[in-house]
Amino acid sequence: MKKPSIGFIGLGLMGANMVENLQNRGYQLSVIDLDKEAVATVVARGNASEAVSPKELAEKSDIVMLCLTTSAVVEKIVYGDDGILAGIKEGAVLIDFGTSIPSSTRKIGKDLADKGAGMIDAPLGRTPAHAKDGLLNIMAAGDKETFEKVKPVLEEQGENIFHLGALSAGHTTKLINNFMGMTTVVAMSQAFAAAKLAGVDGQQLFDIMSAGPSNSPFMKFCKNYAVDNVSDLGFSIANANKDLGYFVHMMKDLGTVSKIAEATSSNLQAAFDADMGSGNVPEIFDYFLKLQK
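Keep in mind that this is a model prediction, so the values were computed, not measured. (Residues numbered from 1 in each chain as written. Predicted model: local features only at pLDDT ≥ 70, side-chain atom pairs only at ≥ 80, totals over all residues. Heavy atoms only, no water.)

Helix and strand counts for the protein come out as 14 helices and 9 strands. Here the C-alpha radius of gyration of the protein, 21 Å, is about what a compact globule of 293 residues would show, namely 19 Å. Along the first, second and third principal axes, the C-alpha atoms of the protein reach 65 × 45 × 30 Å. The 293 residues of the protein split such that 51% are buried. Restricting the contact set of the protein to residue pairs at least 6 apart, pairs at least 24 apart contribute 65%. Accessible surface, the protein as shown: approximately 13600 Å² in total, 55% of it carbon and sulfur. Distance between charge centres in the protein, computed from 27 positive and 34 negative side chains, equals 2 Å. (Helix = DSSP H or I, 4+ residues; strand = E, 2+ residues; numbered from the N terminus. Rg over C-alpha atoms; globule rule 2.2 N^0.38 Å. Buried < 20%, exposed > 50% of the residue type's maximum accessible area, 1.4 Å probe, protein only. Contact = heavy atoms within 4.5 Å. Areas by Shrake-Rupley, 256 points an atom, 1.4 Å probe, with all protein chains shown as cover. Lys, Arg positive; Asp, Glu negative; His and termini not counted. Charge placed at Lys NZ, Arg CZ, Asp CG, Glu CD.)

Ordered in space as 7-8-9, the 3 strands form an open sheet in which the pairing is mixed. The two strands at the open ends of the sheet, each matched to only one other strand, are strand 7 (124-125) and strand 9 (158-163). Lying on the sheet, helix 8 (residues 144-157) is in contact with strand 8 (136-140) and strand 9; it crosses strand 9 at an angle near 165°. (Pairing = 2+ DSSP bridges. Axes fitted to C-alpha atoms, helices over the stretch in contact; angles between N-to-C directions.)

So, about the nonpolar core. Within the largest apolar cluster, 34 residues are counted, with the highest numbers of intra-cluster contacts made by Met182, Phe192, Phe247, Leu268, Val281 and Ile284. Only helix 9 (169-198), helix 10 (202-209), helix 11 (217-226), helix 12 (237-253), helix 13 (259-276) and helix 14 (284-290) provide two or more residues apiece to this core. By residue number, the principal contributor to this core is helix 9, which donates 9 residues. Ranked by size, the runner-up nonpolar core spans 31 residues in total, among them Met14, Ala38, Cys67 and Ile120. (Core = buried A, V, L, I, M, F, W, Y, C linked by side-chain atoms within 4.5 Å.)

For any two helices packed against each other, the geometry comes down to the angle between their axes and how far apart the axes lie. Their axes nearest at 10 Å, the elements helix 10 and helix 11 cross at an angle of 170°. With respect to helix 11, the axis of helix 10 lies roughly antiparallel. Seen from helix 10, the contacting residues are Gln203, Phe206 and Met209; seen from helix 11, they are Met219, Lys220 and Lys223. A per-class count over the contact of helix 10 with helix 11 returns 3 nonpolar, 1 polar and 2 charged. (Parallel < 35°, antiparallel > 145°, perpendicular 65-115°, else oblique. Nonpolar A, V, L, I, M, F, W, Y, C, P; charged D, E, K, R; others polar.)

Moving on, we get to the pattern of salt bridges. Throughout the structure, instances matching the rule amount to 16 salt bridges. We note a salt bridge from arginine 126 to glutamate 159, for which the minimum N-O separation is 2.5 Å. Of this pair, arginine 126 sits in the loop between strand 7 and helix 7 (128-132) while glutamate 159 sits in strand 9, and the two are 33 residues apart along the sequence. Judged by its relative accessible area of 37%, arginine 126 falls in the partly exposed class. One salt bridge in this structure joins lysine 223 and aspartate 228, with 2.7 Å as the shortest N-O distance. (Salt bridge = Lys/Arg side-chain N within 4 Å of Asp/Glu carboxyl O.)

Geometric descriptors of this kind do not, in isolation, establish any biological role.
Here it is, written out as structure tokens:
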């Protein structure tokens, strides 16, 4: 059976490795990225070409994949004069692998459906190394028929493929997951900072907390930085700040609020404003040590 042609926009660390995996599996790709060196690397491997615009890429592709940084960037790529919406074919499918605002995803999906195209939101779990080997966790959502159409390709990109329901359920689930995880890390990092400020030994605090129900991989990440000065979570304050902002936005769209998320978001934003955005989330420990009332 002939493999579908794929257009891929976003060759960051995750996206570039996803593309390499697809190339290794024999897919023909069109790609776009602002990093021309990343594009050249993909093209040099063979069975890939650079598209001049998202419109042209969509015109040539059965499946369009996005691995972009923000909802604003996704909407620009979709709705621009030479955007995906202007070129997408009837029967084609757009897959958004990024972490986006659910209401934006639903809006894009409706506009694509008006042109006879489908959409799947499919945020990712695991690391770029997993992407290169086709071993990601993929939280996919969208109507069942569209999901089944692209499932064979998703199965070549991920080890665990979840279908979570209607369009935007993937982005919703990812935001909930990141809200829980990043709130935990921020709270635990402040706990270790409070211990240091109070003259309590951080290793002893960890030994006590990890002997009870607070024990978790997140606690180990926080202890590794706060006590051992090893930063190994691999998720930046900037990314966490974006995702918590999206979670707050989502809760407002749902007609409610989350004071917990707003507090986490406020701390992450403050650390980001203090030029700590490139550090991993447990490094917010340093921000808490310097925080003055």
